Amino acid sequence: MHGQRNTMFHNITLRISVVAHIGLLDGIIHTFIISTFPFHNNQYLRWFMNNSVNIFSNGFLVTEDFLSANNSNYCGVDKNAWPVGIESDVLPTAQDRVEASYMDLSTPFLIDQRDLLTYVQACKQSNIAYRILYCEAYTRDFLLDKQLHNTYGKSEYFIGCDYAYPSGDYFSAIWNDVICCRSCFADSWKRELNQFELLPNLHTALLFAQDRKRALNDFLRFGCAEPMEQGFFQIFSLFEITKLFEQQCK
């Protein structure tokens, strides 16, 4: 269901001890222990993750392919992402990225081509209709995989921009605050959505993020607007590549 919150991913502060394997020097894996300390959207955690786990701002997201309950054409990320789960038996080689998204809620959880093939096969075995989105998160905190960008980030596959959590349930402000909401804020933005019920371009998405922040501040200060989710929202540029990927696999 759209907008259902996975409390494992949200509003948590983890206090852990981290054992890291950083690089090879003279054939020896160097291991060090970072003493116990809180992780919560921490710049040091982000540095640590970037230097120990391959985290990119772009990659693939698999959602279930179904018609929304209100017959909406919404094609964004908040549509039952990862319909067969992301546990180790499904995505064994992606668990470092799963853990990174647990520890830093602003970390996008997206998968690479190898894991995508594994995941699509799991969906087929479970008879689940799926959609494949190539996603590019608008962030400077993580590197861009240029090969993926050059292959899949083409205008003919672009369907629009979403504004959502980068992991967990991918709670979307477009779906929850605009499409499924009745308010002055929602009404003013519904007319801006394209045929996929997404924002048509990055410029409009940036304006939406600013306007939503203003509306949220009004609610927090004066209680004069619809209540809105607070969280680590990011802008996603989305590309529908289901047919393309299936053709490549033939």
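Residues numbered from 1 in each chain as written. Predicted model: local features only at pLDDT ≥ 70, side-chain atom pairs only at ≥ 80, totals over all residues. Heavy atoms only, no water.

## Considerations on the overall build of the protein chain
Here's step 1: Along the protein chain, the regular secondary structure elements total eight helices and six strands.
Here's step 2: Along its sequence from the N terminus, the protein chain presents helices and strands in the succession β-β-α-β-α-α-β-α-β-α-α-α-β-α.
Here's step 3: A buried classification covers 50% of the 250 residues belonging to the protein chain.
Here's step 4: Restricting the contact set of the protein chain to residue pairs at least 6 apart, pairs at least 24 apart contribute 72%.
Here's step 5: If you sum the accessible surface of the protein chain, you get close to 13200 Å²; carbon and sulfur atoms cover 51% of it. (Helix = DSSP H or I, 4+ residues; strand = E, 2+ residues; numbered from the N terminus. Buried < 20%, exposed > 50% of the residue type's maximum accessible area, 1.4 Å probe, protein only. Contact = heavy atoms within 4.5 Å. Areas by Shrake-Rupley, 256 points an atom, 1.4 Å probe, with all protein chains shown as cover.)

## Section: the sheet that holds strand E4 (residues 130-137)
Two strands in a sheet stick together by hydrogen bonds in their backbones, pointing the same way (parallel) or opposite ways (antiparallel).
Here's step 1: The four strands are arranged E3-E4-E6-E5 in an open sheet whose pairing can be described as antiparallel. The open sheet terminates on both sides in strands that have one partner only, identified here as strand E3 (58-64) and strand E5 (158-164). Shown here is a sheet whose adjacent strand axes are inclined to one another by a mean of 35 degrees, direction ignored.
Here's step 2: Judged from the five bridges that link them, E4 and strand E6 (residues 234-240) form a sheet pairing that is antiparallel. (Pairing = 2+ DSSP bridges. Axes fitted to C-alpha atoms, helices over the stretch in contact; angles between N-to-C directions.)

## Some words on the pattern of salt bridges
Here's step 1: According to the stated counting rule, one finds six salt bridges in the structure shown.
Here's step 2: Here Arg 214 ties to Asp 211 by a salt bridge, and the two come within 2.8 Å at their closest N and O atoms. One end of the pair is Arg 214 and the other is Asp 211, both in helix H7 (residues 202-222) and three residues apart, which spans about a single turn.
Here's step 3: Residues participating in the shared-partner salt-bridge network are Asp 96, Arg 97, Asp 112 and Asp 115. (Salt bridge = Lys/Arg side-chain N within 4 Å of Asp/Glu carboxyl O.)

## Side note on the nonpolar core
Here's step 1: By size, the foremost hydrophobic cluster in this structure holds 63 residues, and its most contacted members are Phe 60, Trp 82, Phe 109, Tyr 119, Phe 208 and Ile 241.
Here's step 2: Of the residues forming this core, the biggest block, six residues, is contributed by E4. (Core = buried A, V, L, I, M, F, W, Y, C linked by side-chain atoms within 4.5 Å.)

## Points about H7
Here's step 1: When the terminal C-alpha atoms of H7 are compared, their 30 Å separation across 21 residues agrees well with the 30 Å that a helix rising 1.5 Å per residue should span.
Here's step 2: Buried residues of H7: Thr 204, Ala 205, Phe 208, Ala 209, Asp 211, Arg 212, Ala 215 and Leu 216, and no others.
Here's step 3: Tucked into the core, H7 has its buried residues touching E5, helix H5 (173-179), helix H6 (184-190) and E6.
Here's step 4: For H7, the side-chain oxygen to backbone nitrogen distance between the N-cap and His 203 is 3.3 Å, and the N-cap itself is Asn 201. (Expected span 1.5 Å × (residues − 1). Polar contact = N/O pair within 3.5 Å; in protein donor to acceptor, adjacent residues only side chain to side chain.)

## Structural notes on the confidence of the model for the protein chain
Here's step 1: For the protein chain, the mean per-residue pLDDT works out to 80, and 76% of the residues sit at or above 70.
Here's step 2: Counting contacts from residues 1-41, a segment whose pLDDT is below 50, to residues more than four positions away or on other chains yields 86 contacts. (pLDDT = per-residue confidence, 0-100.)

## Section: unusual backbone geometry
Here's step 1: Phi at Asn 80 takes a positive value of approximately 50 degrees, unusual for a residue other than glycine.
Here's step 2: Summarising the element assignment, Asn 80 is placed in the loop between E3 and helix H2 (95-103).
Here's step 3: One non-glycine residue, Asn 127, adopts positive backbone phi at about 55 degrees.
Here's step 4: Inspection of the secondary structure assignment puts Asn 127 in the loop between helix H3 (113-125) and E4.
Here's step 5: Classification of Asn 127 by relative accessible area gives exposed; the value is 71%.

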